[in-house]
Amino acid sequence: MYYSSGNYEAFARPEKPEGVDHKSAYLIGSGLAALSAACFMVRDGQMKGEHIHVLEKDPIPGGACDGYKYQDIGYVMRGGREMDNHFECMWDLFRSIPSIEDENVTVLDEYYWLNKHDPNYSLCRATVNCGEDAHTDGKFGLSDKGAMEIMKLFFTPNEQLQDKKITDFFDDEVLNSNFWLYWRTMFAFENWHSALEMKLYLKRYIHHIGGLPDFTALRFTRYNQYESMILPMVKYLESYGVQFHYGVKVTNVAFDCANGKKQATRIDTLRDGHEECIDLTENDLVFITNGGCVENSTIGSQTTVAPLKFDLKEGGGWDLWRKIAAQDPSFGHPDKFCYDPELSNWMSATITTLDQRIVPYIKKICKRDPFTGKVVTGIVSVKDSSWLLSWTLNRQQQFRDQPKNQLCVWVYGLFSDKPGDYVKKPMRECTGEEICQEWLYHIGVPVDQIEDLAANSANTVPCMMPYIDAFFMPRAAGDRPDVVPEGAVNFAFIGQFAETKRDTIFTTEYSIRTGMEAVYTLLNVDRGVPEVWGSVYDIRDLLDATVKLRDGKKITDMEMNVVQKLALKEALKKLEGTEIEKLLKEYNVI
């Protein structure tokens, strides 16, 4: 497997890999990484679909990319996905997946046209005082000291960031700024999370720094992630005869690791309560989704709490990874990520409006008509929320069968253990109705109407996710297994807890990239995997981000002592009349 960039590799079709007709594949889980791996096996590996088996413990596919209407409960979106125009592996895949809306166009066509005609941008990024505009006004609000703290992290070698926390680099100069409000509510970082991952994010999205305050950096699908991404992939795979096995829990994978060679030899499963095993040869490929960000997630209802469940059970991704990791040191260290769910949990809720009484308060904040089918809000964060509550209204309807006079609002709080501001209880102890009350309070509904509207004008389904931020926990080299560990002959790790170069977790791209790298390596597909977009190596993007991070201030406006000012003056004098001076002026550095 090798990386590439440019159209020569992007437009090429690889030859059929040698020996592929004699191979079979088993994918543990049916999340985005596993489905992507299956698609790449069919398209680029040219493996027969009937040779590919997807083993899924749940009755439906998709993993964390969900979006369902539960009988007697209501619409549920545990999370949402923010996409980037430089998700290279994702768009490489979706250019080949037919849309389920129109089989004559691809998912990429559909997505591209949608975001061209209806680009994403927000008219209100944050509120205070019960729905008033917080007037962050597109500013990061960083002091020179805060900007330098970010720069220091950016330039610190990865080797010095092992097991380090964000608070080892940032103090209140960053943590009390608009920058950190935007960042943590957009990506779900907490102060105690990995400084290494924070640095990787800064490098990965340096080209989008200027688009963070108003969300012009992002793109979204038309419907929820399940209907817009998962269902088209499943339909594509089924058309090739790929075998889906639901209700199958994988309890262990056995390996033979000796003499520098590592081979998966057996898959242990539970199907309908019966133990079964699948014996494996070198021609039987295994793709393991280790860990799981939505494991032990629970949903409540309008009148019930989403219970908090920390205990990890057999047949789940964490228990499986622990059993696998015990067999070889190169298989990672799962307990670095799942040891304390109090550090990795947060909650979401899906609020469905049932009439028009809540809508005016939404319109007042988002300054748009939410029923047009176009972009509505971006993320709106409540600066003075004790739960650090944020909410978003993506294009409506979010579900294809959603009534056209209803809205689905996705609400989430990063501090599930803190008492609310209206509901004096932690979010984790609240029913859907009570979470809706807290949200209504923060969007400006008069206090004497809150309880009535929460009970009769909305249906709210809460979701607790104990391990949703597990991948952000501080880590060191070797804590995540390589996609294909050294010496592995017939297996790979895929998903958010596998290690690949330069990319960032908690993205659709990361899952798809690991699936692509795994397939290309194990099948020896002779075509380049698109490298992570290289904006961090582009001086134009670096200059642009440096200026925009400081809210447009030029380098000459920085606080400097006399010696520093004189040194800068002399340096700029030497650049006069050069291409460098022209470049610095073009990007408003001077």
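Preceding block: the structure.
Worth saying up front: this structure is predicted, and the values here are computed from it rather than measured.

1. Section: the overall build of the protein
Turning to step 1, where the next piece is worked out: Across its full length, the protein holds 18 helices and 20 strands.
Turning to step 2, where the next piece is worked out: Expected size for 590 residues packed as a compact globule is a radius of gyration near 25 Å; at 24 Å, the protein falls within 12% of this value.
Turning to step 3, where the next piece is worked out: Split into buried and exposed, the 590 residues of the protein put 59% on the buried side.
Turning to step 4, where the next piece is worked out: Counting contacts in the protein only where the partners sit at least 6 residues apart, residues at least 24 apart contribute 73% of the total.
Turning to step 5, where the next piece is worked out: Taken as a whole, the protein presents about 24,200 Å² of accessible surface, with 50% of it coming from carbon and sulfur.
Turning to step 6, where the next piece is worked out: Charge centroids of the protein, computed over 65 positive and 86 negative side chains, lie 4 Å from each other.

2. Details of the packing of helix H5 (residues 144-155) against helix H8 (residues 195-204)
Turning to step 1, where the next piece is worked out: Between H5 and H8, the least distance of the axes is 9 Å, while the angle of their chain directions is 95°. Here H5 lies roughly perpendicular to H8, going by the angle between them. Here H5 contributes Ile150, Leu153 and Phe154 to the contact with H8, which in turn contributes Ala195, Met198, Lys199, Leu202 and Lys203.
Turning to step 2, where the next piece is worked out: A breakdown of the residues in the contact of H5 with H8 according to their chemical character gives 6 nonpolar, no polar and 2 charged.

3. Points about the nonpolar core
Turning to step 1, where the next piece is worked out: In this structure, Phe179, Trp183, Met198 and Phe287 are the most contacted members of the largest nonpolar core, which totals 139 residues.
Turning to step 2, where the next piece is worked out: Considering each element in turn, this core owes the most residues, 10 residues, to helix H2 (residues 32-43).
Turning to step 3, where the next piece is worked out: In this view, Trp183 contacts Ala188, Phe189, Met198, Tyr201, Leu202, Ile209 and Leu212; residues no more than four positions away in its chain are not counted.

4. Points about the sheet that holds strand S8 (residues 243-246)
Turning to step 1, where the next piece is worked out: One open sheet holds the 5 strands; their spatial order is S8-S3-S2-S12-S19, and the pairing between them is parallel. Taken across any chain shown, the strands that pair with only one partner, and hence form the sheet edges, are S8 and strand S19 (491-494). Strand-to-strand twist across the sheet, computed as the mean angle between neighbouring axes with direction ignored, equals 20°.
Turning to step 2, where the next piece is worked out: The pairing of strand S3 (residues 52-56) with S8 spans 4 bridges and is parallel. Note on S8: the bridge partner recorded for His53 is Gln243.

Here is what the cut-offs are and how they apply
- Residues numbered from 1 in each chain as written.
- Predicted model: local features only at pLDDT ≥ 70, side-chain atom pairs only at ≥ 80, totals over all residues.
- Heavy atoms only, no water.
- Helix = DSSP H or I, 4+ residues; strand = E, 2+ residues; numbered from the N terminus.
- Rg over C-alpha atoms; globule rule 2.2 N^0.38 Å.
- Buried < 20%, exposed > 50% of the residue type's maximum accessible area, 1.4 Å probe, protein only.
- Contact = heavy atoms within 4.5 Å.
- Areas by Shrake-Rupley, 256 points an atom, 1.4 Å probe, with all protein chains shown as cover.
- Lys, Arg positive; Asp, Glu negative; His and termini not counted.
- Charge placed at Lys NZ, Arg CZ, Asp CG, Glu CD.
- Axes fitted to C-alpha atoms, helices over the stretch in contact; angles between N-to-C directions.
- Parallel < 35°, antiparallel > 145°, perpendicular 65-115°, else oblique.
- Nonpolar A, V, L, I, M, F, W, Y, C, P; charged D, E, K, R; others polar.
- Core = buried A, V, L, I, M, F, W, Y, C linked by side-chain atoms within 4.5 Å.
- Pairing = 2+ DSSP bridges.

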